[in-house]
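Below, each chain spelled out in residue letters.
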Amino acid sequence: MTGIVTLVGAGPGDAGLLTVRGLRALQEADVIVADRLGARAVLEQLAAEGVEITAEVIDVGKLPGRHPVPQDGINDLLVRLASEGRRVVRLKGGDPFVFGRGREEQQHCEAAGIPVDVVPGVTSAVSVPAVAGIPLTHRGVAASFTVLSGHDQIEPGGPLSLSKGDHTVVLLMGVNTLGHSAHVLSSGPRGVDCPVAIIEDGYGERERVTVGTLGTIAQLAASRQVRSPAVVVVGDVVALSPHAALIVTSSVSEPRAPRPKPHWADALDAGLAVDTGLIQAVDALDPASARRSPLASLFSRSR
């Protein structure tokens, strides 16, 4: 007797954002194969709220640079469990089809004759910016957005580098390549004063928002020791956030005065992962000047 695999999106890590259909799949499952980000937090919250889930839970979570169960192993595990006639839920953070490799797992199971159902989830690309009061589109400000994986560095000269602040860019898993991304995006029409927000651990206990510009965000992130998981939002919609009070003093419809670029070497010294070649590609900023900036003062008060 062949079982079934159900790919369930757990959302950003808040059990309240799990879909009703996803919850039913968890309650009916014989075994749950769970990711680390989002998925385990949802299971823990459901248990704390008294929701009974009797399925066996297998943790296949990945840490940065450490994958105890490689993707091929996860694929084979799903097939083996379902081949035993078990109802398997593959619980993935966010949405299975948004940088979740969900379709890869679905194809692998289907090739082995295992039926697969898909339950979409609330992607962090949209939900986490909402925590900071940032809409990805807003009438008169932005009518479109792009979601990118920060694992891959943005290529200079691509279509994205030609877009302006009225096109929102969302970077997932983009902390380690933040310096490179900021440099490439600021080299185009956006300029160094395009607003940027980083939302760490959205819906989690360490939730925190850092706001700046393309010219300052890498240094701010380094000084605040920004860590993953985090969602980076680039575009004029950031100025709509209540966290962006100081950068809103220059309206998104008015030209902004250019600011000097940050000292990327300082970002390296502070532990932020930035390409070493990038240090030679931008101008250095006197750290004393950075400390005198309004944004620097804002974050020194908010720590």
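The structure under discussion appears in the preceding block.
Residues numbered from 1 in each chain as written. Predicted model: local features only at pLDDT ≥ 70, side-chain atom pairs only at ≥ 80, totals over all residues. Heavy atoms only, no water.

Engineer: Teacher, can you tell me more about the overall build of the chain here?
Structural biologist: Counting its secondary structure elements, the chain contains 10 helices and 10 strands. Evaluated residue by residue, the chain yields a buried proportion of 49% over its 303 residues. For the chain, restricting intrachain contacts to residue pairs at least 6 apart in sequence, the fraction spanning at least 24 positions comes to 71%. Accessible area of the chain: about 14200 Å², with a carbon and sulfur share of 52%. (Helix = DSSP H or I, 4+ residues; strand = E, 2+ residues; numbered from the N terminus. Buried < 20%, exposed > 50% of the residue type's maximum accessible area, 1.4 Å probe, protein only. Contact = heavy atoms within 4.5 Å. Areas by Shrake-Rupley, 256 points an atom, 1.4 Å probe, with all protein chains shown as cover.)

Engineer: When you look at the sheet that holds strand E6 (residues 144-149) in this model, what are you seeing that I'm missing?
Structural biologist: Working definition: the strands of a sheet are paired by backbone hydrogen bonds and lie parallel or antiparallel to each other. With respect to topology, five strands assemble into an open sheet ordered E6-E7-E10-E8-E9, the strand pairing being mixed. The open sheet has two edge strands with one neighbour each: E6 and strand E9 (208-213). Along the sheet, successive strands turn relative to each other by an average axial angle of 20°, direction set aside. As defined by bridge partners, strand E8 (residues 195-200) adjoins E9 across six bridges and the pair is classed as antiparallel. Bridge pairing in E9 places Ile 199 opposite Val 209. Along the sheet, helix H5 (residues 124-131) contacts E6, strand E7 (167-172), E8 and strand E10 (230-234); its crossing angle with E10, the most-contacted strand, is approximately 80°. (Pairing = 2+ DSSP bridges. Axes fitted to C-alpha atoms, helices over the stretch in contact; angles between N-to-C directions.)

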